[in-house]
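Each chain, written out:
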Amino acid sequence: MTKLHRSWVESANNASTSFPLNNLPYGVFSVGETSPRCGVAIGDYILDIQLLEGTGLLDFNGAFGGGSWNAFMAQGRSKWDALRTRLIELLAEGSKEQERVAAYLVARDEATLHMPLQVSEYTDFYAGIQHAKNMGEILRGSPDLPANWLHIPIGYNGRASSIVVSGTPIHRPNGQTKAPDAEVPSFGPTKRLDIELELGAIVGAGTKLGQPITVDEADDMIFGYVLLNDWSARDIQGWEYQPLGPFQGKAFGTSISPWIVTSAALDPFRAGTPPREKALLPYLNGTKKGLYDIDLEVLMQPKGGATATVISRTNYNRMYYSAAEQLCHHASSGCAMNTADMLGSGTISGPTRAEFGSLMELSWAGRKPFALDTGEIRSFIEDGDTLTLRGKAQGDGYIIGFGDCSGMILPAVTRCRSEV
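What you see is a predicted model, and the numbers here were worked out from it, not measured in a lab.

Asker: Lay out the sheet that holds strand β4 (residues 105–107) in plain terms, naming residues and giving numbers.
Answerer: On the basis of which strands lie adjacent, the open sheet formed by five strands has the order β4-β3-β2-β1-β5 and antiparallel pairing. Among the strands making up the open sheet, the edge pair consists of β4 and β5 (112–114). Mean inter-strand twist for the sheet, computed between neighbouring axes without regard to direction, equals 50°. Examined bridge by bridge, strand β3 (residues 45–48) and β4 share three bridges and lie antiparallel to one another.

Here you go:
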């Protein structure tokens, strides 16, 4: 395991910080009335690399303007590696450029964080085997998987327009639902609002229409990862999903953490996929370990509650399919992949209740409610509740963190725009 890389930014050497020199995640920030611009988290600070490039200490063809990382991602892996190498050189203990670089550090607690990228398209997968078995047991009375599940990473195309950065409130969605004993459906706010604990993989360099890729090529195309909460309205989803799958029950909101943790920073934490219950077709075979050892947890805090309760702890290495396998399969038909496409991993659940990554599983569809530390009882999310995802990879004396992925649920909007 790689040890801590020491920095002249003292707070980056603290064993409890999420942002040591080993990490250097990418985000977008503003201070006061300034326009959002690209920055790199280091300890308790953000390095303003948009302004730093103007000094000549960086040279990436002005890719850090425009308030997103899209232009830089499009430059490809050689540029990604060059930037990381240069940043480590500038921020490492003993750097000759310390005085010049220090002028472009901004206190992180004084900054507002924004979406780190403009998401091109969004695909969400169903690639956690424990979650898939749990959902089969809950909905059909059997943990048996769909016939195709062990052969392909199942996914659906979601809404990039609904992806928001951590801290953005989410309105409870309206939609059609149908009670088991009702003759016709009804319309109104969901009564079964849920989360899904996921990791989002961000495509850096894209592909051309008609061009498939190998799993190893797909792995090389992934720029980095974010925590991802795929908010889900289970009752709306249950009525609409046959025969074409999720639609409005998923389209109303997806939250991501504000920092893109690069695949390079996570490389020391690679983990293999589990033994295959059925051999995959050759095109889905790669040579690299595709998962990562990332500890994950979900916290729930009711409105007015003094504390948040950890309701789940699991690890990304519980997944069955890796992001590279998902990306390879996505492109296998010739589907063009774009810079800043995002792939949701699917719900990450482990084998015990304490590791389930959704409330649908934790409450077993409401049949087994659970208690929060504050005394409240929950089966699904109530208005005013705040849900937070956290993740970290534990190194030798350091942590690779993502920053919180949080969202508070607001009441449903009951009037159309023309009625306001």
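Asker: So, helix α10 (residues 323–331): which residues are in play, and what are the values?
Answerer: Within α10, eight of the nine residues are buried, which leaves it mostly tucked inside the rest of the structure. Residues Ala323, Ala324, Glu325, Gln326, Leu327, Cys328, His330 and Ala331 constitute the buried set of α10. On its buried face, α10 sits against β6 (122–125), β7 (155–157), β13 (197–203), α6 (215–221), β14 (222–230) and β22 (342–344).

Asker: Tell me about empty space enclosed by the protein, and name the residues and values.
Answerer: The tally for this structure, following the rule as stated, stands at one cavity of 30 Å³ or more. In this structure, the largest cavity occupies an estimated 60 Å³ of space. Among the elements that make up the lining of the largest cavity, the one with the highest residue count is helix α3 (residues 77–91) (four residues). Grouping the amino acids of the lining of the largest cavity by side-chain chemistry returns four nonpolar, two polar and three charged.

Asker: Give me the lowdown on a positive patch on the surface, citing residues and values where you can.
Answerer: On the surface, a cluster of positive charge is contributed by Arg192, Arg353, Arg367 and Lys368. With respect to the helices and strands, the residue Lys368 is situated in the loop between α11 (359–362) and β23 (370–371). Given the relative accessible area of 48%, Lys368 is considered partly exposed.

Asker: Give me the lowdown on the packing of aromatic side chains, citing residues and values where you can.
Answerer: Applying the stated criterion across every chain yields a total of 18 aromatic pairs. Centroid distance Tyr320 to Tyr321: 5.1 Å. Interplanar angle 75°. Geometry classified as edge-to-face. Per residue, the accessibility class of Tyr320 equals that of Tyr321, and both read buried. Aromatic rings pair up to connect Tyr26, Phe60, Phe64, Trp69, Phe72, Trp80 and Phe223 into one cluster. Lying over the aromatic face of Tyr320, Arg276 brings its terminal NZ or CZ to 4.8 Å of the ring centre. Here the guanidinium or amino end of Lys368 rests over the ring plane of Trp364, the centre of that ring lying 5.8 Å away.

Rules of the game
For every chain, the first residue of the written sequence is number 1, and numbering continues from 1 along that sequence. Side-chain atom pairs in this predicted model are given and counted only at pLDDT of 80 or more, local residue features only at pLDDT of at least 70, and totals for whole chains, interfaces and linings cover all residues. As a convention, hydrogens and water are excluded, and side-chain values are obtained from all of the structure's heavy atoms. Note on pairing: two strands pair once DSSP finds at least 2 bridges between them. Think of it this way: any DSSP run of H or I at least four residues long counts as a helix, any run of E at least two long counts as a strand, and we number them from the N terminus. For helices, the fitted axis covers only the stretch in contact; all axes are lines through C-alpha atoms, and the angles between them, taken along N-to-C directions, range from 0 to 180 degrees. The classification of residues rests on relative accessible area computed with a 1.4 Å probe and restricted to protein chains. Under 20% of the type maximum is buried, over 50% is exposed, and intermediate values are partly exposed. Any two residues having at least one pair of non-hydrogen atoms within 4.5 Å are treated as being in contact. Of the two site types, the cavity is a set of points on a 1 Å grid over the protein atoms alone where a 1.4 Å probe fits but cannot get out, and the pocket is an open set with protein on both sides within 12 Å along at least five of seven lines, each lined by residues with an atom within 4 Å of a point. Grid points are joined across faces, edges and corners, and a volume is the space filled by probe spheres set on the points. Charged means Asp, Glu, Lys or Arg here, nonpolar means Ala, Val, Leu, Ile, Met, Phe, Trp, Tyr, Cys or Pro, and polar covers whatever is left, Gly included. Residues form patches when they are more than 30% accessible in relative terms and have no salt bridge. Like charges link within 9 Å. Nonpolar side chains (Val, Leu, Ile, Met, Phe, Trp, Tyr) link within 5 Å. Exposure was quantified through the Shrake-Rupley algorithm and a 1.4 Å probe, taking into account, for residues, occlusion by the shown protein chains and nothing else. For salt bridges, the criterion is a side-chain nitrogen of Lys or Arg within 4 Å of an Asp or Glu carboxyl oxygen. Charge convention: Lys and Arg are scored as positive, Asp and Glu as negative, and His as well as the terminal groups of each chain are ignored. Charge coordinates come from a single atom per side chain, which is NZ of Lys, CZ of Arg, CG of Asp or CD of Glu. Here is the rule: rings of Phe, Tyr and Trp (six-membered ring for Trp) pair when centre to centre is within 6.5 Å. Planes less than 30 degrees apart are stacked, more than 60 are edge-to-face, and the remainder are tilted. Here, over-ring charges are defined by two tests on the NZ atom of lysine or the CZ atom of arginine: distance to the ring centre within 6 Å, and angle to the ring normal within 35 degrees.

Purely geometric stuff here, so don't read any function into it on its own.
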